[in-house]
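Okay, here's what each chain looks like letter by letter:
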Amino acid sequence: MRDATPEQTETIYLKDYAPVPVTVTHVSLNLRLDPLATRVRAKLTCERRGAGEMVLDGEMMTLKSIALDGSPLPDDRYTLTGTTLTLHDAPDAFILETEVEIAPQKNKALSGLYMSNGMYCTQCEAEGFRRITYMLDRPDVMATYDVEIEADLPVLLSNGDEVARGKWHDPWPKPTYLFAMVAGDLVATPGTFTTMEGREVALNVWVRPGDESRTAYAMDSLKRSMAWDEEVYGRAYDLSVFNIVAVDDFNMGAMENKGLNIFNSKYVLASPETATDADFANIERIVAHEYFHNWTGNRITCRDWFQLCLKEGLTVFRDQQFSQDARGFATQRIGDVLNLRARQFREDAGPLAHPVRPESFVEINNFYTATIYEKGAEVIGMLRTLVGAEGYAKGCALYFERHDGQACTIEDWLACFEDATGQDLAQFKLWYAQAGTPRVEVTEHFADGIYRIDLRQIVPDTPGQSDKAPMVIPLALGLLDTAGREVRGTEVHALTKASDSLTFDLPEKPVLSILRGFSAPVILEMAQTDADKLTLLAHDTDPFNRWEAGRALAKDRLMRAITEDAGFDDAWLGALATLATDAGADPAFRALALALPSQDDLAQSLHTAGVVPDPDRIYAIRRAATLVIAETLRDDLTPLREAMATPGAYDPNATDAGKRSLGGRLLGLQTYLDGGAAAGLAYDMADNMTDRMAAFSCLLDVGDETVAHRFETDWQHDRLVMDKWFMAQVAHAAPRDAVGLADRLTRHKDFDPSNPNRFRALIAGLTAGNPAGFHDPSGVGYTFLANWLLFLDPSNPQMTARMSTAFDGWTRYDADRQALMRAELERIAGTESLSRDLSEMVNRMLAP
Ligand code: ZN
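Values in this document were obtained by computation on a predicted structure and should not be read as measured data. Residue numbers run consecutively from 1 along every chain, following the written order of its sequence. Since the coordinates come from a predicted model, pLDDT governs what is reported: local features require at least 70, and pairs of side-chain atoms require 80 or more to be given and counted, while whole-chain, interface and lining totals use all residues. Side-chain measures were taken over the full set of non-hydrogen atoms in the model, leaving aside hydrogen atoms and water.

**Student:** Account for the overall build of the protein chain, naming residues and giving values.
**Tutor:** A run of DSSP states H or I qualifies as a helix once it reaches four residues; a run of E qualifies as a strand once it reaches two. Both are numbered from the N-terminal end. Along its length, the protein chain carries 26 helices and 31 strands. All radius of gyration figures rest on C-alpha atoms, and the globule criterion is 2.2 Å times the number of residues raised to 0.38. Relative to the compact-globule value of 29 Å for 848 residues, the protein chain shows a C-alpha radius of gyration of 27 Å, a close match. The dimensions of the protein chain, computed from C-alpha atoms along their principal axes, are 85 × 65 × 60 Å. Any two residues whose heavy atoms approach within 4.5 Å at even a single point are treated as in contact. Within the protein chain, residue pairs in contact and separated by at least 24 positions form 70% of the contacts whose partners lie at least 6 positions apart. Per-residue accessibility takes into account occlusion by the displayed protein chains alone, with areas from the Shrake-Rupley method and a 1.4 Å probe. For the protein chain, the accessible surface area stands at approximately 31700 Å², while carbon and sulfur atoms represent 50% of it. Residues scored as charged are limited to Lys and Arg (positive) and Asp and Glu (negative), so that His and the chain ends carry no count. For this purpose, a charge sits on NZ of Lys, CZ of Arg, CG of Asp or CD of Glu. For the protein chain, the centre of its 83 positive side-chain charges and the centre of its 125 negative side-chain charges are spaced 1 Å apart.

**Student:** Could you give an account of the pairing of strand β25 (residues 439–447), with specific residues and numbers?
**Tutor:** We call two strands paired when DSSP finds no fewer than two bridges between them. Note that β25 and strand β26 (residues 450–458) share nine bridges and pair antiparallel. When the bridges of β26 are listed, Phe446 appears paired with Tyr451. Inspection of the sheet shows β25 paired to strand β31 (residues 523–526) by four bridges, in the parallel sense. Looking at β31, one finds that Val440 is bridged to Leu524.

**Student:** Any details on the pattern of salt bridges? Residues and values, ideally.
**Tutor:** In what follows, salt bridge is the name for a side-chain nitrogen of Lys or Arg lying within 4 Å of a carboxyl oxygen of Asp or Glu. Going through the model one piece at a time under the given rule, you end up with 67 salt bridges. Lys15 is the partner of Asp16 in a salt bridge, and the nearest nitrogen-oxygen pair spans 3.8 Å. The shortest N-O distance in the salt bridge between Arg456 and Glu441 comes to 3.1 Å. Of this pair, Arg456 sits in strand β26 while Glu441 is found in strand β25, placing the two residues 15 residues apart along the sequence. Since its relative accessible area comes to 28%, Glu441 is described here as partly exposed. In the salt-bridge network here, residues are joined through shared partners; they are Asp530, Asp556, Arg557, Arg560 and Asp569. With a 1.4 Å probe rolled over the protein chains alone, any residue whose accessible area is under 20% of its type maximum counts as buried; one over 50% counts as exposed, and the rest are partly exposed.

**Student:** Got a sec to walk through the coordination of the zinc ion? Specific residues and values, please.
**Tutor:** Water is absent from the atoms considered, so a metal site may look incomplete; donors are defined as N, O and S atoms within 2.8 Å of the metal, or 3.2 Å for Na, K and Ca. In the first shell of the zinc ion, the protein supplies His289 (NE2), His293 (NE2), Glu312 (OE) and Glu312 (OE), at 1.9 to 2.8 Å from the metal. Key to geometry: four donors with every angle between 85 and 135 degrees are tetrahedral; four donors are square planar and six octahedral where opposite donors lie over 155 degrees apart and all remaining angles lie between 65 and 115; all other sites are irregular. Given four donor atoms and angles of 53 to 161° at the metal, the environment of the zinc ion is assigned as irregular. In the primary structure, the donors to the zinc ion are separated according to the pattern H-x3-H-x18-E. One end of the pair, His293, is in the loop between α2 (277–292) and β22 (301–302); the other, Glu312, is in helix α3 (residues 308–327), and 19 residues separate them in sequence. Neither His293 nor Glu312 differs from the other in exposure class; each is buried.

**Student:** Can you lay out the environment of Leu699 for me, pointing to particular residues and giving the numbers?
**Tutor:** Note on placement: Leu699 falls in helix α17 (residues 689–701). Given a relative accessible area of 3%, Leu699 falls into the buried group. Considering only alpha carbons, one finds Leu699 and Val268, 431 residues apart in sequence, at a separation of 29 Å. In contact with Leu699, other than residues within four places in its own chain, are Gly676, Ala679, Gly680, Tyr683, Asp704 and Val707.

**Student:** I'd like a description of the nonpolar core, backed by residues and values.
**Tutor:** Counting residues in hydrophobic clusters, the biggest one holds 224 residues, and the most contacted among them are Trp413, Phe428, Tyr432 and Phe807. The greatest single-element share of this core, amounting to 13 residues, is contributed by helix α5 (residues 370–403). Apart from the residues within four sequence positions on either side, Tyr432 is in contact with Cys309, Pro355, Val356, Arg357, Val379, Ile380, Ile410, Trp413 and Leu414. Grouping buried Ala, Val, Leu, Ile, Met, Phe, Trp, Tyr and Cys residues that are joined through side-chain atoms within 4.5 Å yields what is termed a nonpolar core. By size, the runner-up hydrophobic cluster in this structure holds 46 residues, among which are Leu113, Cys124, Met135 and Val147.

**Student:** So what's going on with helix α15 (residues 654–674)? Which residues, and what values?
**Tutor:** Along its 21 residues, α15 runs 30 Å from first to last C-alpha, staying within 8% of the 30 Å computed at 1.5 Å per residue. If you follow the buried residues of α15, they end up packed against α2, α11 (587–594), α13 (615–632), α14 (637–643), α16 (677–685) and α17. Positive phi shows up at Gly675, right after α15, with a value of about 65°. Helices are assigned an expected span. That span is 1.5 Å times one less than the residue count.

**Student:** Quick one: what's the story with the sheet that holds strand β7 (residues 78–80), residue by residue and with numbers?
**Tutor:** With antiparallel pairing, three strands are arranged side by side in an open sheet as β4-β8-β7. Where the open sheet ends on each side, the last strands, each with one partner, are β4 (54–57) and β7. Here the average twist between neighbouring strands, direction ignored, is 15°. In the sheet, β4 pairs with strand β8 (residues 84–87) via four bridges, with the strands oriented antiparallel. Residue Leu56 lies in a different strand from β8, and its bridge partner there is Leu85. Inter-axis angles, ranging from 0 to 180 degrees, are taken between N-to-C directions of lines fitted to C-alpha atoms, where helices are fitted over the stretch in contact.

**Student:** Lay out the sheet that holds strand β27 (residues 473–480) in plain terms, naming residues and giving numbers.
**Tutor:** Within a sheet, neighbouring strands are paired by backbone hydrogen bonds and run either parallel or antiparallel to one another. The strand order across the open sheet formed by three strands is β28-β27-β30, and the pairing between neighbours is antiparallel. In the strand order of this sheet, the two ends are held by β28 (486–495) and β30 (511–514), each with one partner. Averaged over all adjacent pairs, the angle separating strand axes in this sheet is 25°, with direction ignored. Two elements, β27 and β28, share seven bridges in a ladder whose sense is antiparallel. By the bridge assignment for β28, Ile473 is matched with Leu495.

**Student:** Just give me the short version of the packing of aromatic side chains, but keep the residues and values in it.
**Tutor:** Pairing of aromatic rings covers Phe, Tyr and Trp, the last through its six-membered ring, and needs centres within 6.5 Å; plane angles under 30 degrees mean stacked, over 60 mean edge-to-face, and all others mean tilted. Taken as a whole and assessed by the stated rule, the structure comprises 39 aromatic pairs. When the ring of Phe306 is compared with that of Phe361, the centres are 4.8 Å apart and the planes differ by 35°; the resulting orientation is tilted. Taken together, the positions of Phe306 in the loop between β22 and α3 and Phe361 in strand β23 (residues 360–361) put the pair 55 residues apart, joining distant regions of the chain. When sorted by exposure, Phe306 lands in the same class as Phe361, which is buried. Against the face of Trp172 rests Arg299, its NZ or CZ located 3.9 Å from the ring centre. Any Lys NZ or Arg CZ found within 6 Å of a ring centre and within 35 degrees of that ring's normal is scored as a charge over the ring. One cation-aromatic arrangement involves Arg303 over Tyr17; the distance from NZ or CZ to the ring centre is 3.7 Å.

**Student:** Go over the pairing of strand β13 (residues 155–158), please, and point to the residues and values.
**Tutor:** Of the two faces of β13, the one lined by Val155 and Leu157 and the one lined by Leu156 and Ser158 are each fully buried. As paired elements, β13 and strand β16 (residues 181–184) share four bridges and run antiparallel to each other. Following the sheet pairing, Val155 is matched in β16 by Gly184.

**Student:** Just give me the short version of helix α21 (residues 756–767), but keep the residues and values in it.
**Tutor:** Look at α21: 16 Å from first C-alpha to last across twelve residues, which is about the 16 Å you get at 1.5 Å a residue. Of all twelve residues that make up α21, eleven are buried, and the element is covered over most of its length. Of all the residues in α21, the buried ones are Pro756, Asn757, Arg758, Phe759, Ala761, Leu762, Ile763, Ala764, Gly765, Leu766 and Thr767. Taken together, the buried residues of α21 touch β21 (260–264), α19 (719–731), α20 (735–745), α22 (771–774), α23 (780–792) and α24 (797–803).

**Student:** Quick rundown of a negative patch on the surface? Include the residues and the values.
**Tutor:** Judged by side-chain charge, Glu53, Asp75, Asp76 and Asp89 come together as a negatively charged surface patch. The topology assignment puts Glu53 in the loop between β3 (38–48) and β4. Overall, the relative accessible area of 42% leaves Glu53 in the partly exposed class. Each patch is built from residues that are more than 30% exposed by relative accessible area and take part in no salt bridge. Like charges join if they lie within 9 Å; nonpolar side chains (Val, Leu, Ile, Met, Phe, Trp, Tyr) join within 5 Å.

**Student:** How would you sum up unusual backbone geometry? Please name residues and give values.
**Tutor:** Going from Glu125 to Ala126, the amide bond is cis rather than trans, its omega being 0°. Relative to the assigned elements, Ala126 resides in the loop between β11 (119–123) and β12 (143–150). Backbone geometry at Asp89 places phi at a positive 55°, although glycine is not the residue there. Assignment of secondary structure puts Asp89 in the loop between β8 and β9 (93–102). You can call Asp89 exposed: its relative accessible area is 62%. Positive phi is not limited to glycine here, since Asp565 has a value of about 65°. Among the secondary structure elements, Asp565 is positioned in the loop between α9 (543–564) and α10 (570–580). You can call Asp565 exposed: its relative accessible area is 61%.

Following this line, the structure appears as structure tokens:
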């Protein structure tokens, strides 16, 4: 073997994409499992496709033997580095055999093959396979697999169909990132599904013994997802078995490995006693998401990682459609937009902004972002709006037909819609290339029976991008008269120029309902009168915009209270009360309408408006507003809460969940008036985790000194419930106590930073759950976060890189806080042997 120096961490560019000179068409793997010395024998069927050397990826492993076409490979035929194996003079077609040793027990990065609670499992996306064996670890190399697992464990799983115990064959060519293997002491909840093509599919949800009673909802969600994808997209499942496995130590939500989805146990296990309505909804959504990947991701995958949104944006869009069908359009859409604004708009406005299809990266794991996923989904939604439901269906059908079995690009995807509909999507493609949230200024004019709307779009500068071209912005709009009657139903106008006008002949100035259903991921800037907003809140036919009008009123009040000390007016409070008490309106909708903009949402909006946000003031004003709302509703709270009771056994359905959601919100208001008396009763009486958590949060808010201990005594045996305990305490601590409490909790016997759920619960409980606490003017919150990032980085860099994004809003704040945050970011950046993951993140955040 020749010597070579290890690779540097370098930037990878989309423009440098080149296909491999030698590909792999079949992989035969034998894994003899052992915690410290797992033997992996790989037999790769290789074929030359062009000139050049074959460079295989491999890291954290010891090469024991290597052979080509059955003969040991002489040392001068290959070169080994810490991350690659280069074959010199590879023939046109050959079999490469390697034998390596790895130590899954020592793998704390949770990427590749690792152990969780005595069970072996894998996570290969994006580049984990290279920690299992030498291989072309990139998505455009698609191979069939035969896998043999040797271990003295009852359950041995891999992709495809089981041909004998521990032996699996996957007939569908797939990239390495979709490989998976699980071995352990697991029990299955079985089910079956018959596809529209008549294929009998055995379904299993695998969990640790003792957890079987918590799998029913995941199984039910899976069956409904399979039926939905057949009905709505015409996509059927393609193997005889579909396995889901729940793993306690998992860096992300879940993973769509072919035929063997692996899930964070948080997104599988649910019972009324342990999971909240939000947990149930997440399970349904994520089970659907991973299942939908079977077609959008697996059968058709990405050519390279720059195309990640090809599978993720589309699959998120599909899971959002599914959840809308399962739970109701309005509440689902409002929830999705809240999430988009909270995470993606924030990302797009800061130093980590990047296009939906990035053009470069250092560490691909840093690009599993809200922009790729959530903005990526919005882009698909806009495409559907622009080509119409029928054009969208045709384009999708063409995509599935034309590209089945291929590794594709955004260009391939868009060409299907151009070919199916005849529309030119060249300008639309800018949504993939230009980062930043466009702002749309709307000004209204009315004179002589002509109503005119002037529109102007501004696409802001983002890191590495300035002077952007105008985008295609689909604006769904309708018009109401001042009495609230709709005078024009929804029509879509595509704004394609930097500025444009729309005119309508009308007898009087109408009330404009624009961006209905949130038809584009933009920030609307419009000086709409309170009277118009109140009309929309009361009467708009578009439920999203009804909510949005209420939101705009609330935000306006809060912003003015923060910046000008303005009080809260009766017109607004009266409208809120009318909505809250409107027995004819959907409780879930009323709960959403009663929720004030979050602290971070306000900080973001203040910053956009050119005001330096003060976290303590935002916190105080939000509380003051809540108190005023509580006082306004004082006499209604008890009867309203009683009306929201859901008698009978707990059912996670959306209707009951909506009632509990409104009930919980009302309890929150009541707590402002009675100091926690009602919440104390509700806590004692709760027979499900949704009600219990609602009451628990209220009691923490009023500083109840015993409830944390009671909760712990009742639930210390349950890992997922204890995550809630860690998170809620920190999130509901008074701002000046939050960091101290978080710090004390890190010394709790059950705080295990190597468990991603636990680490995230505590850290995000502070950084996301308690902004005023995290931004303590002394800087203790920043130091606390930086210390924990540095502590965990050597073992789990994906986790620390992700949690470091809490710093991404640092330039919004006052000079003192900025200096404190910058100092921590610089301290991290200056730390020796920082991971590539965390180093890329802090350097991007520090770049001007
Ligand atoms: Zn996904």
